[in-house]
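Structural overview
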Amino acid sequence: MRFVETIKNIWTIEELRKRILVTLLLVLVYRLGCYVVLPGISPADLDALSKFTNKSGLMQLLDMFSGGAFSQASIFALGIMPYITASIMIQLLGMVLPSFQKMQREGESGRQKLNQYTRYLTVVILLLQGPAYLVNIQFQVNAATQGAASAGLGFWTGAYLTVILAAGSMFIMWLGERITDRGIGNGISFIILVGIIARLPEALTYEFISRLPGSTGSQGGLIMFVVEIILLFAVTVGAVLLVQGTRKVPVQYAKRIVGNRQYGGARQYIPLKVNAAGVMPIIFAQAIMFIPITLSGFGSQDQGSGFFAAFSDINGFWYNLVYFLMIVAFTYFYTAITVRPTQMAEDMKRNNGFIPGVKPGKATAEYLDSIMSRITLPGSLFLGIVAILPAFARFFGISQNFAQFFGGTSLLILVGVVLDTLQQIESHLMMHHYDGLMKEGKIKGRTTGSAY
């Protein structure tokens, strides 16, 4: 009954109702676009591409991020990942180039300039990834059909298909921005979430059928399937705890007497999150791990060797080791640029606040920085372990389709984005004096403003 009452309250708030409807409408447009096939691609081409994608673990991962558009040769096939890659590059430039650092400090005007540069860089990346994707289609279709399919692409055909692919990804980016402005949640994150969820029913069904007695390669039967679901639930709970975990630092505000009134004197807390970077390290690391595939033109992994073979096998040792280390490094990197102890210490000092037992100013900044360093280490390690769990799931015989949801990128993004969206809905409810989504406590989303 409480759930029904909450839904009624959500529908009663006009602004929240409009935001949810706008979000659903834009998501519907995105999902329809995932099934609009590129001109000149025949059903035989699609069948060959789908078979190749299902064989390759990394291609399945790319397909998941695009919501199935990759294997459908859709106009949205390149998805939102080129924009993510461009965002990473711009943020890295902000660490080394003074001009970009200056724009980061200019507030809203600087942010708009950086967003514009990110869009320009996204177009450049799309113009590189588009031909690589088309070469992949041509190669895999010809290999599967011994040249019988119609995958031959001339220069001008490839050029205008590249433009279509680039326009499709830019349109997805525009949809994400509209969701952020007029919908609910972070638009880019929400589009990634929708792409992941769209693949879940098919993966769950495939795993269930594969565990039925008499199925090819069936091991453990339905009991094993139940065990998998229980373990998946346990990993999900761990991911939620990771996202929600905080270290509360007490802050005391000095008393001030103004006229006949007393101000301050209250004790509050600064919630420092164990995983302040949210899902960003996962997406950053995943985008970087896609680069070898892009540079090699999405070549055949069965014939690959050396560097390409090692970093194309998402279940391999070297891929997961580098992936784990990159997640740990990106967690520290993103925490450093989003959580600024010096700024927090200055704000506390300006408002007559102090941490009991710690001097205001530089000592407070060093104290907060030491706490963040201590809680970020276990947070980053746990984040990395959860991210590589799909490789362990594959080791124990779980199908590739379902293993991608058994922890890893998909689960962490799903948990982070869902909690962030629910927090925004709860904020609207509390603002209009309705009960929140939970009977006790609050939903704590990410502290970062961007989640893509």
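Read on for a plain summary of the structure. Bear in mind the structure is a predicted one, so any value in this text is a computation, not a measurement. (Residues numbered from 1 in each chain as written. Predicted model: local features only at pLDDT ≥ 70, side-chain atom pairs only at ≥ 80, totals over all residues. Heavy atoms only, no water.)

Remarks on the overall build of the chain
Along its length, the chain carries 19 helices and five strands. Taking the contacts inside the chain whose residues are at least 6 apart along the sequence as the reference set, 72% of them involve residues at least 24 apart. Element-wise, carbon and sulfur atoms account for 64% of the exposed surface of the chain, whose accessible area totals about 22,200 Å². (Helix = DSSP H or I, 4+ residues; strand = E, 2+ residues; numbered from the N terminus. Contact = heavy atoms within 4.5 Å. Areas by Shrake-Rupley, 256 points an atom, 1.4 Å probe, with all protein chains shown as cover.)

Details of the pattern of salt bridges
The tally for this structure, following the rule as stated, stands at five salt bridges. Residues Arg178 and Asp181 are paired through a salt bridge, measuring 2.8 Å at the closest nitrogen-oxygen approach. With a gap of three residues between them, Arg178 and Asp181 both fall in helix 8 (residues 155–182), about one helical turn apart. Assessed through its relative accessible area of 46%, Asp181 is described here as partly exposed. Among the ionic pairs, Asp347 bridges to Arg350, the shortest N-O distance being 2.8 Å. (Salt bridge = Lys/Arg side-chain N within 4 Å of Asp/Glu carboxyl O. Buried < 20%, exposed > 50% of the residue type's maximum accessible area, 1.4 Å probe, protein only.)

Considerations on the environment of Tyr206
Along the chain, Tyr206 falls in helix 9 (residues 187–211). A relative accessible area of 47% places Tyr206 in the partly exposed class. A C-alpha to C-alpha distance of 8.2 Å links Tyr206 and Ser399, two positions 193 residues apart in sequence. Beyond its immediate chain neighbours, meaning those up to four positions away, Tyr206 contacts Ser399 and Asn401.

Notes on the packing of helix 9 against helix 10 (residues 221–244)
Two elements in contact, helix 9 and helix 10, have axes whose closest approach is 8 Å; the angle formed by their N-to-C orientations is 145 degrees. Contacts between helix 9 and helix 10 involve Leu204, Glu207, Phe208 and Arg211 from the first element and Gly221, Leu222, Met224, Phe225, Glu228 and Ile229 from the second. (Axes fitted to C-alpha atoms, helices over the stretch in contact; angles between N-to-C directions.)

A few points about helix 2 (residues 14–33)
An α-helical turn contains 3.6 residues, so any two residues separated by three or four positions project in the same direction. In this model, helix 2 (20 residues) spans 29 Å end to end at C-alpha, consistent with the 28 Å of a helix rising 1.5 Å per residue. Along helix 2, the positions that sit buried rather than exposed are Leu16, Thr23, Leu26, Val27, Tyr30, Arg31 and Gly33. With its buried residues spanning 155 degrees around the axis, helix 2 presents them on a single face. Opposite the packed face of helix 2, turned more than 90 degrees from it, sit the exposed residues Leu24, Leu25 and Leu32. (Expected span 1.5 Å × (residues − 1). Arc of directions from axis to C-beta.)

Points about the packing of helix 5 (residues 81–96) against helix 14 (residues 317–338)
Between two packed helices, the angle of one axis relative to the other and the distance separating the axes together describe the packing. For the pair helix 5 and helix 14, interaxial distance at closest approach is 12 Å and the crossing angle is 65 degrees. By the angle between their directions, the pair helix 5 and helix 14 is classed as roughly perpendicular. Two packed elements cross with a definite hand, and for helix 5 against helix 14 that hand is left-handed. Between helix 5, through Gln91, Leu92 and Met95, and helix 14, the contact on the second element is made entirely by Phe333, Tyr334 and Ile337. For the contact of helix 5 with helix 14, the class distribution of residues is five nonpolar, one polar and no charged. (Parallel < 35°, antiparallel > 145°, perpendicular 65-115°, else oblique. Left-handed = near helix turned anticlockwise from the far one by under 90°. Nonpolar A, V, L, I, M, F, W, Y, C, P; charged D, E, K, R; others polar.)

Description of the nonpolar core
In this structure, Tyr30, Ile80, Ile84, Ile192, Tyr323, Leu412 and Ile413 are the most contacted members of the largest nonpolar core, which totals 66 residues. In terms of residues, this core owes the most to one element, helix 14, which gives nine residues. Excluding residues within four positions of it along the chain, Ile413 makes contact with Phe65, Ile192, Ile196, Val279 and Ile283. (Core = buried A, V, L, I, M, F, W, Y, C linked by side-chain atoms within 4.5 Å.)

Digging into a nonpolar patch on the surface
Residues Leu25, Leu28, Val29, Leu32, Phe171 and Trp174 make up a contiguous nonpolar surface patch of roughly 560 Å² in combined accessible area. Elements with a minimum of two residues in the nonpolar patch: helix 2 and helix 8. In terms of residues, the nonpolar patch owes the most to one element, helix 2, which gives four residues. By secondary structure assignment, the location of Phe171 is in helix 8. Given a relative accessible area of 34%, Phe171 falls into the partly exposed group. (Patch = residues over 30% accessible without salt bridge, like charges linked within 9 Å, V, L, I, M, F, W, Y side chains within 5 Å.)

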